[in-house]
Amino acid sequence: MNNATRDADTVNVADVVVVGAGQAGLSSAYHLTRAGLDHVVLDHAPRPGGAWQFRWPSLTYGRVHGMHALPGMELVGADPLRRSSEVIGEYFAAYEDRFDLRVRRPVDVSAVREGDGGRLRVETSAGVWSARALINATGTWDRPFWPRYPGQETFRGRQLHTANYAGPQEFAGARVIVVGGGTSAVQHLLEIADVAAETTWVTRRPPVFRDGGFGEAEGRAAVALVDERVRRGLPPQSVVSVTGLPLNEAVRAGLASGVLDRRPVFDRITATGALWADGSRVDADVILWATGFRAAVDHLAPLRLREPGGGIRVEGTRAVRDERIHLVGYGPSASTIGANRAGGAAVREIRRLLARERVGSPAA
Ligand SMILES: Cc1cc2nc3c(=O)[nH]c(=O)nc-3n(C[C@H](O)[C@H](O)[C@H](O)COP(=O)(O)OP(=O)(O)OC[C@H]3O[C@@H](n4cnc5c(N)ncnc54)[C@H](O)[C@@H]3O)c2cc1C
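Residues numbered from 1 in each chain as written. Predicted model: local features only at pLDDT ≥ 70, side-chain atom pairs only at ≥ 80, totals over all residues. Heavy atoms only, no water.

Asks: Explain the pattern of salt bridges to me, please; I cannot follow it from the model alone.
Replies: Where charged atoms from two side chains of opposite charge approach closely, those side chains can pair. Considering all chains together, one arrives at 23 salt bridges under this definition. For aspartate 298, the salt bridge is made with arginine 143, and the minimal N-O distance between the two is 3.8 Å. With aspartate 298 in the loop between β16 (286-289) and β17 (314-315) and arginine 143 in the loop between β6 (127-136) and β7 (158-161), this pair connects stretches of sequence that are 155 residues apart. With a relative accessible area of 31%, arginine 143 lands in the partly exposed category. Here aspartate 211 and arginine 252 are joined by a salt bridge, their closest N and O atoms 3.0 Å apart. With aspartate 211 in the loop between β10 (209-210) and α4 (216-231) and arginine 252 in helix α5 (residues 249-257), this pair connects stretches of sequence that are 41 residues apart. Assessed through its relative accessible area of 42%, arginine 252 is described here as partly exposed. (Salt bridge = Lys/Arg side-chain N within 4 Å of Asp/Glu carboxyl O. Helix = DSSP H or I, 4+ residues; strand = E, 2+ residues; numbered from the N terminus. Buried < 20%, exposed > 50% of the residue type's maximum accessible area, 1.4 Å probe, protein only.)

If you want it as structure tokens, here you go:
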């Protein structure tokens, strides 16, 4: 990266800007470094670890299902009882050192817009970057999804989202409603039920439990489902959300004890709890929304990449509406294995794009 001066403004110049230093951003940075491409990696989190650094303390490494190593360096010998936030944070830090990835943090990217001479203008808390291509690897953690239900604002108890969940201890003696049909909801319930006065699980659709292992074929099928949505320009679901809920020992125990008895979602929220159309009600002190996350791509809005369906259509990792933009860890690549592969694929395409520009041939 070098600096160029434009009027009074100092504009940093890089061929490629990578936004985000989670699995997707680091995998991309690894491939950019190997390809010898001029780049910078910007991340607004305080430490290495991507979103993992914010995950709740009781999410130990042993409870993470299927964390894939970054390219070129295995994660070996980690204690399954340690917090995944620490294990993965340390692993990412060691990875950045080993491959000299030099992530700039904390740097918040607020907007990416059309710049001069066909370049991208990347506006950040640490100044402006001018780039020829951008890899967006911002994940979903920064955009927790809160659905809206009638009466929600009247609830006198506490409402929080998985993004703010810090473990079960704060729910001791409370009556807790957990909303959501994914792995996070199940993990929250199994933990909270041990200390709470009462738990209620509500999901929009009946949960699907997956017995037995999760092989490559199932993985491919899940990725294909998400891929198909993204191709249609719809907002992606996470790959993890379409794989079903693993029927492990803890889940079996939760089903047997009734903790995982599920109710359909309530029709409205009241001051003291939730109400169903059949007149039944549950009183609650806390509503925990384990309702997932959306792609954190608001900073790309000036480029108008979104389709009428609300999603950004990608071909592989490349945004269909702008070949300078690649989304890694988005839609079908939103898993640790997917993010790894997508990082390599994005860099191969960007290398070709930059080479084409260099020889001045028209865009393909
Ligand atoms: C609770 C939970 C459990 C999961 N468990 C698994 C699992 O067991 N196995 C699995 O394969 N996958 C799992 N996943 C999915 C997996 O974590 C991610 O898909 C994968 O790690 C890819 O991460 P990422 O790099 O895309 O995103 P992240 O790890 O979220 O990294 C994104 C980075 O971008 C930065 N960023 C965001 N916006 C900006 C901005 N505007 N400016 C600057 N920086 C920005 C953030 O600070 C962050 O460091 C889980 C996800 C969740 C939410």
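On we go from here.
Asks: Honestly, the sheet that holds strand β12 (residues 262-264) in this entry has me stumped. Any pointers?
Replies: Adjacent strands of a sheet pair through backbone hydrogen bonds, lying either parallel or antiparallel. The sheet built from 5 strands is open, its strands ordered β7-β16-β8-β9-β12 with parallel pairing. Whereas interior strands pair on both sides, the edge strands pair on one side only; in this sheet they are β7 and β12. Each strand axis lies, on average, 25° off the axis of its neighbour in the sheet, ignoring direction. As paired strands, β7 and β16 are joined by 4 bridges and run parallel to one another. Across the sheet, the residue bridging to glutamine 159 is isoleucine 287, located in β16. (Pairing = 2+ DSSP bridges. Axes fitted to C-alpha atoms, helices over the stretch in contact; angles between N-to-C directions.)

Asks: Looking at this model, I keep getting lost on the layout of surface pockets. Mind explaining?
Replies: Any space left empty among the atoms is revealed by the rolling of a water-sized probe across them. Looking at the second largest pocket, its volume works out to about 270 Å³. In terms of lining residues, the second largest pocket is bounded by 14 residues, among which His39, Val40, Asp100, Leu101 and Arg102 are the most central. Secondary-structure elements contributing two or more residues to the lining of the second largest pocket are α1 (23-35) and β3 (39-42). With 3 residues, the single largest contributor to the lining of the second largest pocket is β3. Here the lining of the second largest pocket is composed, by residue class, of 7 nonpolar, 3 polar and 4 charged. (1 Å grid on protein atoms, 1.4 Å probe; cavity = no way out; pocket = protein on both sides within 12 Å on 5 of 7 lines; lining within 4 Å. Points joined across faces, edges and corners; volume = space filled by probe spheres on them. Nonpolar A, V, L, I, M, F, W, Y, C, P; charged D, E, K, R; others polar.)

Asks: Help me understand the packing of α1 against helix α2 (residues 84-98) in this model?
Replies: A pair of packed helices can be characterised by two numbers: the angle between their axes and the separation between those axes. As a packed pair, α1 and α2 sit with axes 11 Å apart at the nearest point and diverge in direction by 15°. When the axis of α1 is compared with that of α2, the two are roughly parallel. Two packed elements cross with a definite hand, and for α1 against α2 that hand is left-handed. Across the interface between the two elements, Gln23, Leu26 and Tyr30 from α1 touch Phe92, Tyr95 and Glu96 from α2. (Parallel < 35°, antiparallel > 145°, perpendicular 65-115°, else oblique. Left-handed = near helix turned anticlockwise from the far one by under 90°. Contact = heavy atoms within 4.5 Å.)

Asks: Explanation requested: helix α6 (residues 336-359) in the structure shown.
Replies: Between its terminal C-alpha atoms α6 stretches 36 Å, which fits the 34 Å expected from 24 residues at 1.5 Å a residue. When we look at burial in α6, the residues that qualify are Thr336, Gly338, Ala339, Asn340, Ala342, Gly343, Gly344, Ala346, Val347, Ile350, Leu353 and Leu354. (Expected span 1.5 Å × (residues − 1).)

Asks: Quick question: what am I supposed to make of the packing of α1 against α6 here?
Replies: Direction vectors running N to C along α1 and α6 enclose 35°, while the axes themselves pass 8 Å from each other. Taken as a pair, α1 and α6 cross one another with a handedness that is right-handed. On α6, the residues that touch Gln23, Ala24, Ser27, Ser28, His31, Leu32 and Ala35 of α1 are Thr336, Ala339, Asn340, Gly343, Gly344, Val347 and Arg351. In the contact of α1 with α6, the residues fall into 5 nonpolar, 8 polar and 1 charged.

Asks: Would you mind showing me how to read the sheet that holds strand β14 (residues 273-275) here?
Replies: Pairing is antiparallel in the open sheet, where 3 strands are placed in the order β13-β14-β15. Strands at the two margins of the open sheet, each flanked by one partner only, are β13 (268-269) and β15 (281-283). Relative to β14, β13 runs antiparallel, the two sharing 2 bridges. Within β14, the residue paired with isoleucine 269 across the bridge is alanine 274.

Asks: Mind showing me how you'd approach the packing of aromatic side chains here?
Replies: Pairs of aromatic rings are described using the distance from one ring centre to the other and the angle between the two planes. Here the structure, examined in full by the defined rule, presents 12 aromatic pairs. Ring centres of tyrosine 165 and phenylalanine 171 lie 6.0 Å apart, and the angle between their planes is 10°; this geometry places the pair in the stacked category. Considered together, tyrosine 165 and phenylalanine 171 belong to a single accessibility category, that of buried residues. Plain terms: the ring middles of phenylalanine 266 and tryptophan 289 are 6.3 Å apart, the flat faces sit at 85° to each other, and that makes the pair edge-to-face. Residue phenylalanine 266 is found in the loop between β12 and β13, and its partner tryptophan 289 is found in strand β16; the two are separated by 23 residues along the sequence. Overall, tryptophan 289 belongs to the buried group, its relative accessible area being 0%. An aromatic cluster is built from Tyr30, Tyr91, Phe92, Tyr95 and Phe99, whose rings are joined through pairwise contacts. (Phe/Tyr/Trp six-rings, centres within 6.5 Å; stacked < 30°, edge-to-face > 60°.)

Take it as geometry only, folks, not as evidence of what the structure does.
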